[in-house]
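What follows is the residue order along each chain.
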Amino acid sequence: MHLGSNQQVNRIVVDSLPDPMPSNHPHCVVAGGFVFVSGLVSERQSDGTRIGVQDYETGKVHDLRAQLHSIFAQLDTILKSARSNKLLVVDVQVFLVGMSENFDLMNEIYGSYFGANVPARTTVEVVRFPSDVVIELKVIALTETRAND
């Protein structure tokens, strides 16, 4: 990919977040003044479970609110490391299990995070993820430098 003579591709792994490299991807890639954030799911806890996922004998119970808040906390950290912020997010892809049960709550939490500065968004229903979660976000943002050009 040609980005111009002074541009490069930077792959960022944030030390304070769980290492994504066992899954063969960085937290984000910065290129051409854009931040491409890898798909985010709720953070893994020390016991191996994920935030917002409770394991009971009768099955798993998902707390969409807790999962989404975990994702947004990670997103804030990743964007900051890439010299960006949520006000510079231009596109979000939401992958959601159980659209009919989860869309309204997801939309409410999503709206409270972005406020009036909502980016473009696509929401797609999926059957399941490799991780035992019900939501994943893929985000594209501008860098502060690009936003000021």
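The text that follows walks through the structure, step by step, so that each part is easy to find.

### Thoughts on the overall build of the chain
Scanning the chain from N- to C-terminus turns up 3 helices and 8 strands. Across the chain, helices and strands are ordered from the amino to the carboxyl terminus as β-β-β-β-β-α-β-α-β-β-α. Taking 149 residues into account, the globule formula puts the C-alpha radius of gyration at 15 Å, and the chain, at 16 Å, falls close to it. Taking the principal axes of the C-alpha coordinates as reference, the chain spans close to 60 × 35 × 25 Å. The buried share among the 149 residues of the chain stands at 39%. Taking the contacts inside the chain whose residues are at least 6 apart along the sequence as the reference set, 70% of them involve residues at least 24 apart. Accessible surface computed for the chain: about 8,600 Å², of which carbon and sulfur atoms make up 49%. Each charge class in the chain was averaged separately, 12 positive and 17 negative side chains, and the resulting centres sit 7 Å apart.

### Structural notes on the sheet that holds strand β6 (residues 89-97)
With mixed pairing, 6 strands are arranged side by side in an open sheet as β1-β2-β3-β8-β6-β7. Here the strands that pair on one side only, and so sit at the sheet edges, are β1 (9-12) and β7 (120-126). Along the sheet, successive strands turn relative to each other by an average axial angle of 15°, direction set aside. Of the pairings in the sheet, the one linking strand β2 (residues 28-31) to strand β3 (residues 34-40) comprises 4 bridges and is antiparallel in character. Looking at the pairing, Ala31 lines up with Phe34 of β3. Lying on the sheet, helix α1 (residues 64-81) is in contact with β1, β2, β3, β6 and β8 (135-142); it crosses β8 at an angle near 25°. Along the sheet, helix α2 (residues 99-114) contacts β6, β7 and β8; its crossing angle with β6, the most-contacted strand, is approximately 155°.

### Describing the side chain of Gln67
With respect to the element layout, Gln67 can be found in helix α1. The class of Gln67 is buried, set by a relative accessible area of 0%. Leave out the neighbours within four places in its chain, and Gln67 touches Ser42, Ile51, Gly52, Val53, His62, Val133, Val134 and Ile135.

### Comments concerning the environment of Ala82
On the secondary structure map, Ala82 appears in the loop between α1 and β6. Beyond its immediate chain neighbours, meaning those up to four positions away, Ala82 contacts Ile12, Cys28, Val30, Val35 and Thr143.

### Quick word on the side chain of Ser131
Along the polypeptide, Ser131 turns up in the loop between β7 and β8. Taking the relative accessible area as the measure of exposure, Ser131 reaches 18% and is therefore buried. At 3.3 Å, the side chain of Ser131 forms a polar contact with the side chain of Arg50. If sequence neighbours within four positions are ignored, Ser131 has contacts with Val41 and Arg50.

### Focus on the packing of aromatic side chains
This structure, assessed with the given rule, holds 5 aromatic pairs. An angle of 85° between the planes, with centres 4.7 Å apart, marks the rings of Tyr113 and Phe114 as edge-to-face. This pair shows no difference in class: Tyr113 is buried, exactly as Phe114 is. By the ring-pair criterion, three or more aromatic residues cluster together here, those being Phe72, Tyr110, Tyr113 and Phe114. Cation over ring: Lys86 sits above Tyr113, and NZ or CZ is 4.5 Å from the ring centre.

Conventions and cut-offs
- Residues numbered from 1 in each chain as written.
- Predicted model: local features only at pLDDT ≥ 70, side-chain atom pairs only at ≥ 80, totals over all residues.
- Heavy atoms only, no water.
- Helix = DSSP H or I, 4+ residues; strand = E, 2+ residues; numbered from the N terminus.
- Rg over C-alpha atoms; globule rule 2.2 N^0.38 Å.
- Buried < 20%, exposed > 50% of the residue type's maximum accessible area, 1.4 Å probe, protein only.
- Contact = heavy atoms within 4.5 Å.
- Areas by Shrake-Rupley, 256 points an atom, 1.4 Å probe, with all protein chains shown as cover.
- Lys, Arg positive; Asp, Glu negative; His and termini not counted.
- Charge placed at Lys NZ, Arg CZ, Asp CG, Glu CD.
- Pairing = 2+ DSSP bridges.
- Axes fitted to C-alpha atoms, helices over the stretch in contact; angles between N-to-C directions.
- Polar contact = N/O pair within 3.5 Å; in protein donor to acceptor, adjacent residues only side chain to side chain.
- Phe/Tyr/Trp six-rings, centres within 6.5 Å; stacked < 30°, edge-to-face > 60°.
- Lys NZ or Arg CZ within 6 Å of the ring centre and 35° of its normal.

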